[in-house]
Amino acid sequence: MDVGIIGGTGPAGRGLGLRLAAAGMSVGIGSRDPARAASVVGEIAAAWPDRIEGELAGVGNAEAAGGALVVLATPWEGAARTASELADPLEGKVLVSMANALVREGREMLALVHPRGSVAAALQAALPRTKVAAAFHHLPAREMQDLDSGLIADVLVCADDPEATAETMSLVERIEGLRPLDAGSLGQAAAVEAFTAVCITLNIRYRAHSTLKLAGI
Ligand SMILES: NC(=O)c1ccc[n+]([C@@H]2O[C@H](COP(=O)([O-])OP(=O)(O)OC[C@H]3O[C@@H](n4cnc5c(N)ncnc54)[C@H](OP(=O)(O)O)[C@@H]3O)[C@@H](O)[C@H]2O)c1
């Protein structure tokens, strides 16, 4: 398995898994309940029968954590605990966090102040033997789940370990329309995660499905 997605049954994990499998990768959509993961994979395969060039499998989260590279796509509340339970299979690997700590208030999305600064930093603290990266925060799941949406976006990548940055940027590059940008150390994840609240608020107010694209680089 090239990529395992812990908590992959939600919109974010489904979209990422579909895009990576469409790009020819072998992907495990992970869940606390492997039967739910299998059902989700069945739905994705039925929706895109001729577009999956690689492999897509529904697996338990522990099996997903056995992927060569692992993405965490759970809500932020469950992220550190879920990852801690998988510390052994995640040892020595790159774990990419796409989780954002957000709360909706009316027509606005607000960023919560995480006690560790960011979800990604909390994961790194919980998993000292894993190389944590942060990426994919600003991608709208709806567009990711539609292979014909014409998605074009920059993906900000943060990590303390150079290998984690390089592997995550290579992963982003596999997806058509996405450009990875090295946004610095894991300390930047706090700003990257929080900015997601601004992106979603803009989409609420303008009834849009915008993506992040930086000019001048
Ligand atoms: N939605 C987006 O557009 C988007 C875009 C970029 C980043 N993100 C971030 O990506 C993450 C996932 O987003 P999402 O919309 O896919 O979320 P979601 O649907 O709420 O959750 C994803 C999956 O996580 C598992 N899960 C739920 N609560 C859990 C808990 N307490 N502990 C462990 N696993 C739990 C569930 O899978 P099982 O029940 O099958 O285990 C669920 O299907 C979030 O942190 C979000 O901020 C979302």
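Residues numbered from 1 in each chain as written. Predicted model: local features only at pLDDT ≥ 70, side-chain atom pairs only at ≥ 80, totals over all residues.

Colleague: Describe the site of the ligand, listing the residues and the values that go with them.
Modeller: Around the ligand sit 25 residues, and of these Gly-7, Gly-10, Ser-31, Gly-78 and Ala-141 come closest. Elements with a minimum of two residues in the shell around the ligand: α1 (11-22) and α4 (76-85). Of all the elements, α4 adds the most residues to the shell around the ligand, at four residues. Grouping the amino acids of the shell around the ligand by side-chain chemistry returns eleven nonpolar, ten polar and four charged. (Near = placed C-beta within 6 Å. Helix = DSSP H or I, 4+ residues; strand = E, 2+ residues; numbered from the N terminus. Nonpolar A, V, L, I, M, F, W, Y, C, P; charged D, E, K, R; others polar.)

Colleague: Run through the pairing of strand β9 (residues 153-159), naming residues and quoting values.
Modeller: Of all seven residues in β9, six are buried; the element is thus mostly enclosed. Both strand β8 (residues 131-134) and β9 contribute to a ladder of two bridges, which runs antiparallel. Bridge assignment links Ala-134 to a residue of β9, and that residue is Cys-158. Where β9 and strand β10 (residues 178-182) come together, five bridges link them in parallel fashion. The partner of Val-157 across the bridge, within β10, is Asp-182. The β-α-β motif built from β9, the intervening helix α8 (residues 162-173) and the parallel element β10 has right-handed crossover chirality. (Buried ≥ 20, exposed ≤ 12 C-beta atoms within 10 Å, placed from the backbone. Pairing = 2+ DSSP bridges. Right-handed = clockwise from strand over helix to strand, strands pointing away.)

Functional significance is not addressed by these values, which are geometric in nature.
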